[in-house]
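Structure at a glance
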Amino acid sequence: MEKTSIVGKLQDLVISTTEGNINTTIARVLLKKVGHDAPDITIESLADECFTSTASISRFSKKIGYSKFSDMKQAFIEYQSDTAKFINKNNFELTIGEADSERSLSHYIQKIAHSFLSLEENLDLTQIDALCRQIHDTEDVYFFGTHSSGLLLEQFQYQLFSCGKYVTYFNGRMNQRKAFQQITKNSLVIILSTDGNYFLKFSDLLFDLSSKDNYTVLITQNIQMRIANIFDEVLYLGQSSIKKAAPYQAQLLIDILYSRYYHLYS
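Residues numbered from 1 in each chain as written. Predicted model: local features only at pLDDT ≥ 70, side-chain atom pairs only at ≥ 80, totals over all residues. Heavy atoms only, no water.

Quick notes on the nonpolar core
Note that soluble globular proteins tend to have their nonpolar side chains buried in a common cluster. The line we're drawing: Here, nonpolar core means buried Ala, Val, Leu, Ile, Met, Phe, Trp, Tyr and Cys residues that are tied together by side-chain atoms lying within 4.5 Å of each other. When accessible area is computed with a 1.4 Å probe and restricted to protein chains, residues below 20% of their type maximum are described as buried, those above 50% as exposed, and intermediate ones as partly exposed. Helix and strand labels come from DSSP, where a helix needs a run of H or I of at least four residues and a strand needs a run of E of at least two; each type is numbered from the N terminus. Residue contacts are defined here by distance: any two heavy atoms, one from each residue, within 4.5 Å place the two residues in contact.
Among the nonpolar cores identified, the biggest contains 27 residues, and Leu131, Ile135, Phe143, Phe156, Ile190, Ile219 and Leu257 are the most heavily contacted of them. Secondary-structure elements contributing two or more residues to this core are helix 7 (125-137), strand 1 (141-144), helix 8 (147-162), strand 2 (188-192), strand 3 (215-220) and helix 11 (245-265). In terms of residue count, helix 11 provides more of this core than any other element does, seven residues in total. Apart from the residues lying within four places of it in its own chain, the contact partners of Leu131 are Leu188, Ile190, Val217, Leu235 and Leu257. Membership of the second largest hydrophobic core comes to 24 residues, among which are Ile6, Leu10, Leu30 and Leu46.

Written as structure tokens, this is what we have:
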């Protein structure tokens, strides 16, 4: 999930705080509860489990950005709900463990391979090179995407850094909302949304973006979305018979973009 989620905050705190610190203890206990029933957590039970006071739990809540314990708990509940939806949507197209597990795996890999062939059929290297040129020549370039798409964009961001090109990408929905507000005129804005769910969270900002003097590019598998029409350019990832193939297609496209950018400008 995104770094600005409660789990991301807890992980950051564990990494940055010395072992034995009470805040580290609280963060570790909460992380162990990610797969459990969040509504059952009370400030008293959490304090008892961490061998500390309820006042310390309240201070901890404020330290990681919540005004009180109940707000932190609600964020935890929402994280669990979002995670469950994400897993249920994406995690049941490959089932290994049945009697025909080898056949299931082979069938799954074939579908992934077919999705790569679909990407190849729709790939236009002239379009790829033109986008690389825009990335290189445009002073302000912004990447937007969440979940697996966000991880791919972050990877691409660091690859471009190594080529001497600065691009803006922020983890987390709130950070991306802030980045939308910072976009200057004549910027290049690239959004990676394999299935189009990104627009459920940011549609209000996207329509504002399309009215400004920016060049907007959408990378997606779902070109049937009506909102795709507001973009100046759409890169199509190709078709796939399974949802899980889309991130593989996106990874391959990012690899191609970086390979061409490196060849042209490094």
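Moving on from the model shown.
Some points on the pattern of salt bridges
Stated formally: Salt bridges are defined by distance alone: a side-chain nitrogen of Lys or Arg within 4 Å of a carboxyl oxygen of Asp or Glu.
One pass over the full model with this rule turns up three salt bridges. Here Glu49 ties to Lys33 by a salt bridge, and the two come within 2.9 Å at their closest N and O atoms. Separated by 16 residues along the polypeptide, Glu49 in helix 3 (residues 43-49) and Lys33 in the loop between helix 2 (22-32) and helix 3 bring together distant segments of the chain. Of the residues examined, Glu49 reaches a relative accessible area of 40% and is grouped as partly exposed.

Brief notes about unusual backbone geometry
Positive phi values are uncommon outside glycine, yet Phe51 reaches one of about 55°. The topology assignment puts Phe51 in the loop between helix 3 and helix 4 (54-63). Unlike most non-glycine residues, His147 shows phi in positive territory, near 55°. On the secondary structure map, His147 appears in helix 8.

Brief notes about the side chain of Glu233
For the record, the criterion: Just so you know, the count uses Lys and Arg for positive and Asp and Glu for negative, and it drops His and the chain ends. Nitrogen and oxygen atoms within 3.5 Å of one another constitute a polar contact, given that in protein one can donate a hydrogen and the other can accept it, and given that sequence-neighbouring residues count only through two side-chain atoms.
Relative to the helices and strands, Glu233 is located in strand 4 (residues 233-236). Buried within the structure, Glu233 lacks any salt-bridge partner; its nearest side chain of opposite charge belongs to Arg133, at an N-O separation of 9.2 Å. Reaching out from Glu233, the side chain makes a polar contact with the side chain of Gln127 at a distance of 2.9 Å.

Side note on the packing of helix 8 against helix 11
The criterion, for reference: Axes here mean lines fitted to C-alpha atoms, for a helix over just the part in contact, with angles spanning 0 to 180 degrees between N-to-C directions. For classification purposes, an angle smaller than 35 degrees is called roughly parallel, one larger than 145 roughly antiparallel, one from 65 to 115 roughly perpendicular, and anything else oblique. Three categories are distinguished: nonpolar for Ala, Val, Leu, Ile, Met, Phe, Trp, Tyr, Cys and Pro, charged for Asp, Glu, Lys and Arg, and polar for the others, with Gly belonging to the last.
Relative to each other, helix 8 and helix 11 sit at 10°, their axes nearing to 10 Å. Relative to helix 11, the element helix 8 is oriented roughly parallel. Between helix 8 and helix 11, the contacting residues are Ser148, Leu152, Gln155, Phe156, Gln159, Leu160 and Ser162 on the first element and Pro247, Ala250, Gln251, Ile254, Asp255, Leu257, Tyr258 and Tyr261 on the second. For the contact of helix 8 with helix 11, a count of residues per class yields nine nonpolar, five polar and one charged.

Focus: the environment of Phe170
Note that Phe170 resides in the loop between helix 8 and helix 9 (173-182). Non-local contacts of Phe170, meaning those with residues more than four positions away in its chain, are made with Asn175, Gln176, Ala179 and Gln182.

Quick word on the pairing of strand 2
This is how the line gets drawn: Two strands form a pair only when DSSP identifies at least two bridges running between them.
Most of strand 2 is tucked away, with five of its five residues classed as buried. Residues of strand 2 alternate between two faces, with Leu188, Ile190 and Leu192 on one and Val189 and Ile191 on the opposite face, all of them buried. When strand 1 meets strand 2, the two strands line up parallel, connected through four bridges. Among the inter-strand pairings, Phe143 is bridged to a residue of strand 2, identified as Ile190.

As for the sheet that holds strand 3
Here we have four strands laid out as an open sheet, ordered 1-2-3-4, and parallel in their pairing. Looking at which strands have only one partner, the edges of the open sheet turn out to be strand 1 and strand 4. When strand polarity is set aside, the average angle formed by the axes of neighbouring strands in this sheet is 15°. Sitting on the sheet, helix 8 is in contact with strand 1 and strand 2, with an inclination near 150° to strand 1.

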